[in-house]
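Report on the structure
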Amino acid sequence: MERADVLRRLGERASDQWGLVTAAQAKLDGVQGVDLLRLERAGLLEGVGRGVYLIAAAVPPEHLQTKVAWLRLDPKTPAWQRPADSERSGVVSHASACELHGLGDLPADRVELIVPVRRTTRDEGVLLHRLALEEGDVTVVDGLPVTTVERTVVDLLRSRADGAHVGTVIADADLKGLLDVGLLAARVGSFARAYGLPAVASGEDLLEALCDQAGRTLRSRESEQAAAAGFASAVTAVETLASHPDTLDQLMKTLHRQQSSLHGLGQVARSLDEKQDALSSLGSRPSALEQLMKNAAARDAGLRAALAPPSALQQMMKSAAARQSALGSLAARSNPMQQALARYDSTLKALGRLPAAPPPDRPQQSGAEENC
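Quick caveat: nothing in here was measured; it's all calculated off a predicted structure.

**With respect to helix α4 (residues 64–73)**
With respect to burial, α4 is a largely interior element, eight of its ten residues being buried. Burial in α4 covers these residues: L64, T66, K67, V68, A69, W70, L71 and L73.

In structure tokens form, the structure reads like this:
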């Protein structure tokens, strides 16, 4: 088989297994052990566990040894085809589960797995626990089946793990919101005596004791302590005020002023809300707002027209004023007839022969009759 064809087949299978492939899976694809050895010598494969290889082009995954140990439980079956309850499968548990959940600081020198049937392994780096798993005890982390946080704590207590280490796991899980303290307390009450608590101790007592050993506190316990401290502080404050009536009276006056200020702030807030509602109303009626804008634009255009160069009306008014001025000028000047009469009148006065005016009822007679 050509090297390129071998790499293609191995790559297809490893793509859904964190870049890992087992020798048993490769054999199912027609790739023999000698081919794997040649690829490993050529630097195209890397042996990361007995019968497990990493494609050289792939990025080494997190929790590599845990994934290798889990693949080796059923080396022929692909990872995506393994049910968690299969007899040949397994579930990551105990300290290894804590490592995947990111809890505590338990030493994880070996990969710990829960298997449904008795099995043995020659791998010193793997520890198998034959335990039954209940429904809801398994979750998936990084593609691996892992015991839940509650079940992991139960398994640690069952194996008598160090109390301080278990307390750290519990406190970390509680801080991250991965733990229901009430449900866990109901499952661990039977281990109280094994960790030095009296027979009447409850599961909650055990959890608190384990956290105390780790120097940690549960969030619910912190809340209770804070509430108790607050109550004690309030009682002290009341006692102090009771022993100083003047101070209490001054405090009440201060509270009254603050209440008045808050009332005024409330009125301001309501006024602002009303203005905001009015603006929102204008914004919701664009036609009315547009009409207002058009009317303003029309008025602006009228004003601009009034300030623009003289209109026809202004021209007419100027022309009328000019004609009136001309008429006034003509009226101020005597016409030719008046000038002539004035000169004639002046001449007669000079000669002293100005005649009397004729009677109004007799017509003037001709010159011949006057001489008779």
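**A word on the pattern of salt bridges**
If you walk through the whole model with that rule in mind, you get 13 salt bridges. The salt bridge partner of R219 is D174, with a shortest N-O separation of 3.6 Å. Of this pair, R219 sits in helix α10 (residues 219–242) while D174 is found in helix α7 (residues 163–176), placing the two residues 45 residues apart along the sequence. Relative accessible area serves as the criterion here: at 5%, D174 is assigned to the buried category. Members of the salt-bridge network, linked through shared partners, are D137, R151, D155, R158 and R187.

**Examining unusual backbone geometry**
One can expect most non-glycine residues to show negative phi and most peptide bonds to be in trans. Positive phi, close to 60°, is recorded for W18, a residue that is not glycine. Assignment of secondary structure puts W18 in the loop between α1 (3–14) and β1 (20–22). Unlike most non-glycine residues, R160 shows phi in positive territory, near 60°. Following the sequence through the fold, R160 ends up in the loop between α6 (149–158) and α7.

**Let's talk about the pairing of strand β7 (residues 138–141)**
Summarising the sheet, β7 and strand β8 (residues 144–147) pair through four bridges and their orientation is antiparallel. Bridging from a neighbouring strand, T139 pairs with V146 of β8.

**Considerations on the packing of α7 against helix α9 (residues 203–213)**
Two numbers describe how α7 lies on α9: the axes approach to 7 Å, and their chain directions differ by 105°. When the interaxial angle is binned, α7 and α9 end up roughly perpendicular. Of the residues in α9, those touching α7 at G163, A164, V166, G167, I170 and A171 are L207, L210, C211 and Q213. Per-class residue counts for the contact of α7 with α9 are seven nonpolar, three polar and no charged.

**Re the packing of α6 against α7**
Viewed as axis vectors pointing N to C, α6 and α7 meet at an angle of 170°, and their least axial separation amounts to 10 Å. As the angle between them shows, α6 and α7 are arranged roughly antiparallel. On α7, the residues that touch V149, V153, L156 and L157 of α6 are V166, V169, I170 and A173. Its residues assigned to classes, the contact of α6 with α7 shows eight nonpolar, no polar and no charged.

**Some points on the sheet that holds strand β2 (residues 45–49)**
Strands sit in the order β1-β3-β2 across an open sheet of three strands; the sheet is antiparallel. Every other strand in the sheet has two partners, leaving β1 and β2 as the edge strands with one partner each. Taking each pair of neighbouring strands and ignoring which way they run, the sheet shows an average axis angle of 35°. In this sheet, strand β3 (residues 52–55) lies alongside β1 in antiparallel orientation, the contact comprising three bridges. Each residue of the ladder has a partner; that of T22, found in β3, is V52. Here α1 sits on the sheet and contacts β1, β2 and β3; the angle it forms with β1, its principal contact strand, is near 110°. Against the sheet, helix α3 (residues 33–41) contacts β2 and β3, and its axis sits at roughly 110° relative to β2.

**A look at the packing of aromatic side chains**
All chains considered together, the criterion is met by one aromatic pair. Here the aromatic rings of W18 and W70 are separated by 6.1 Å at their centres, their planes lie at 70°, and the arrangement is edge-to-face. Within this pair, whereas W18 is found in the loop between α1 and β1, its partner W70 is found in helix α4, the two being separated by 52 residues in sequence.

**Quick look at helix α8 (residues 181–188)**
Within the sequence span of α8, burial applies to V181, L184, A185 and V188. All buried residues of α8 lie within an arc of 105° about the axis, which places them on one face of the element. Summarising the geometry of α8, the exposed residues directed more than 90 degrees from the buried face are L183 and A186. On its buried face, α8 sits against α6, α7 and α9.

**A word on the environment of T139**
Tracing the backbone shows T139 in strand β7. As for T139 and A84, which are separated by 55 residues in sequence, their C-alpha atoms are 9.6 Å apart.

Cut-offs and rules
Residues numbered from 1 in each chain as written. Predicted model: local features only at pLDDT ≥ 70, side-chain atom pairs only at ≥ 80, totals over all residues. Heavy atoms only, no water. Buried < 20%, exposed > 50% of the residue type's maximum accessible area, 1.4 Å probe, protein only. Helix = DSSP H or I, 4+ residues; strand = E, 2+ residues; numbered from the N terminus. Salt bridge = Lys/Arg side-chain N within 4 Å of Asp/Glu carboxyl O. Pairing = 2+ DSSP bridges. Axes fitted to C-alpha atoms, helices over the stretch in contact; angles between N-to-C directions. Parallel < 35°, antiparallel > 145°, perpendicular 65-115°, else oblique. Contact = heavy atoms within 4.5 Å. Nonpolar A, V, L, I, M, F, W, Y, C, P; charged D, E, K, R; others polar. Phe/Tyr/Trp six-rings, centres within 6.5 Å; stacked < 30°, edge-to-face > 60°. Arc of directions from axis to C-beta.

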